[in-house]
Amino acid sequence: MPVKLADFTREEQDPSHVSKMFERVSQILMAGEAIEYIAVQSSVATPSLAPDGVVITTKRIIFYQPKLLGGVSFIDLPWRELVDAKLAEGMLRSTITVLHTSGRVLTMASLPKAQARKVYVLLQQREQEVKEERRQRELEDKRAAAGGVIVQSAGVQPSARPLTAPASAPADLMTRLRTLKEMKDTGLITAAEFDAKKAEIMSGL
């Protein structure tokens, strides 16, 4: 479906600024990346400059900052590097703050409330997706460390394939048992799964 300018001016964004931002950001998009939302500052510190803005794409958040003589600074943050996002609302305008995995903090102030709220909602959605991806990776790492224990999601029937554990040194078996207990304590596996895997590991002693 072709993108229409009206898609990015529903919260009263200035069409001329949105058009310019869309054009400039489109030139730096990666393959398969698309613009989802554009927010534009409602005030400009330097009258000769266009306002700053925030562009949300399918792969990252981009802080768009025009410079003198027509230049533009792009500061982007891939979704996988998003740690936290905050919204601070004032009487008329709001501020979006984003925390990067490196500890760097990115801020965009003077956004109209409706636009800032929309950006915040999108950031919260992405933040939850990133957290779930990290949780899944940690789960896979713990499962591998425990010798391949199969963790079932709610409503999923256990695999009929038997769990097997290769012969290991006693020290390695103890490490696997500790990891297995951590998984049970944090709710990654059920008590039944813990007992079954523990018995299998103990049989290797």
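First, a word on scope: everything that follows refers to the structure included in this document. (Residues numbered from 1 in each chain as written. Predicted model: local features only at pLDDT ≥ 70, side-chain atom pairs only at ≥ 80, totals over all residues. Heavy atoms only, no water.)

This next bit is on the pairing of strand S6 (residues 93-100). The two faces of S6 differ: Ser-94, Ile-96, Val-98 and His-100 on one face are buried, but Arg-93, Thr-95, Thr-97 and Leu-99 on the other face are not. Here strand S5 (residues 82-89) pairs with S6 via 7 bridges, running antiparallel. Bridging across to S6, Glu-89 finds its partner in Ser-94. Following S5, the chain reverses through 3 residues before pairing antiparallel with S6. As paired strands, S6 and strand S7 (residues 105-112) are joined by 6 bridges and run antiparallel to one another. Across the sheet, residue Ile-96 finds its bridge partner in S7, namely Met-108. (Buried < 20%, exposed > 50% of the residue type's maximum accessible area, 1.4 Å probe, protein only. Helix = DSSP H or I, 4+ residues; strand = E, 2+ residues; numbered from the N terminus. Pairing = 2+ DSSP bridges.)

Here we have 4 strands laid out as an open sheet, ordered S1-S2-S3-S4, and antiparallel in their pairing. Whereas interior strands pair on both sides, the edge strands pair on one side only; in this sheet they are strand S1 (35-40) and strand S4 (72-78). Going across the sheet, the axis of each strand differs from the next one's by a mean of 20°, ignoring polarity. Here 7 bridges tie strand S3 (residues 60-66) to S4, and the two strands are oriented antiparallel to one another. (Axes fitted to C-alpha atoms, helices over the stretch in contact; angles between N-to-C directions.)

Here the focus is the side chain of Thr-57. In this fold, Thr-57 is placed in strand S2 (residues 53-57). In terms of polar contacts, Thr-57 uses its side chain to reach the side chain of Glu-33, at 2.6 Å. When sequence neighbours within four positions are dropped, the list of residues in contact with Thr-57 reads Leu-29, Glu-33, Ala-34, Ile-35, Glu-36, Ile-62, Trp-79 and Arg-126. (Polar contact = N/O pair within 3.5 Å; in protein donor to acceptor, adjacent residues only side chain to side chain. Contact = heavy atoms within 4.5 Å.)

Moving on, we come to unusual backbone geometry. Positive phi values are uncommon outside glycine, yet Glu-12 reaches one of about 65°. The topology assignment puts Glu-12 in the segment before helix H1 (15-26). Positive phi, normally seen in glycine, also occurs at Leu-69, with a value near 65°. Within the secondary structure, Leu-69 sits in the loop between S3 and S4.

For the coordinates displayed, the defined rule picks out 2 aromatic pairs. A ring pair is formed by Phe-8 and Phe-22, whose centres lie 5.6 Å apart and whose planes are at 40°; its orientation type is tilted. Taken together, the positions of Phe-8 in the segment before H1 and Phe-22 in helix H1 put the pair 14 residues apart, joining distant regions of the chain. What makes Phe-8 buried here is its relative accessible area of 4%. Judged by its relative accessible area of 26%, Phe-22 falls in the partly exposed class. Considering the side-chain rings of Tyr-64 and Phe-74, the 5.8 Å spacing of their centres and the 70° angle between planes classify their relative orientation as edge-to-face. Of this pair, Tyr-64 sits in strand S3 while Phe-74 sits in strand S4, and the two are 10 residues apart along the sequence. When its relative accessible area of 29% is taken as the criterion, Phe-74 is described as partly exposed. (Phe/Tyr/Trp six-rings, centres within 6.5 Å; stacked < 30°, edge-to-face > 60°.)

Next up on the list: H1. End to end, H1 covers 16 Å across 12 residues, agreeing with the expected 16 Å (1.5 Å per residue, within 8%). Three or more residues of H1 are buried, namely Val-18, Met-21 and Val-25. On an axial view of H1, the arc spanned by its buried residues comes to 65°, and they lie on one face. In the core, the buried residues of H1 are packed alongside S1, S2, S3 and S4. (Expected span 1.5 Å × (residues − 1). Arc of directions from axis to C-beta.)

This brings us to the sheet that holds S7. The strands making up a sheet are joined through hydrogen bonds of the backbone, oriented either antiparallel or parallel. Taken in spatial order, the 3 strands line up as S5-S6-S7 in an open sheet, and their pairing is antiparallel. Single-partner strands in this sheet number two, and they are S5 and S7. Across this sheet, the average inter-strand angle for adjacent strands is 15°, counted without regard to direction. Sheet strands touched by helix H2 (residues 113-145): S5, S6 and S7. Its angle to S5, the strand with the most contacts, is close to 155°.

Moving on: the environment of Gly-53. Tracing the chain through its elements places Gly-53 in strand S2. The exposure class assigned to Gly-53 is buried, which follows from its relative accessible area of 0%. When near neighbours in sequence (up to four residues on either side) are disregarded, Gly-53 contacts Met-21, Ala-39, Val-40, Ile-62, Phe-63, Tyr-64 and Met-108.

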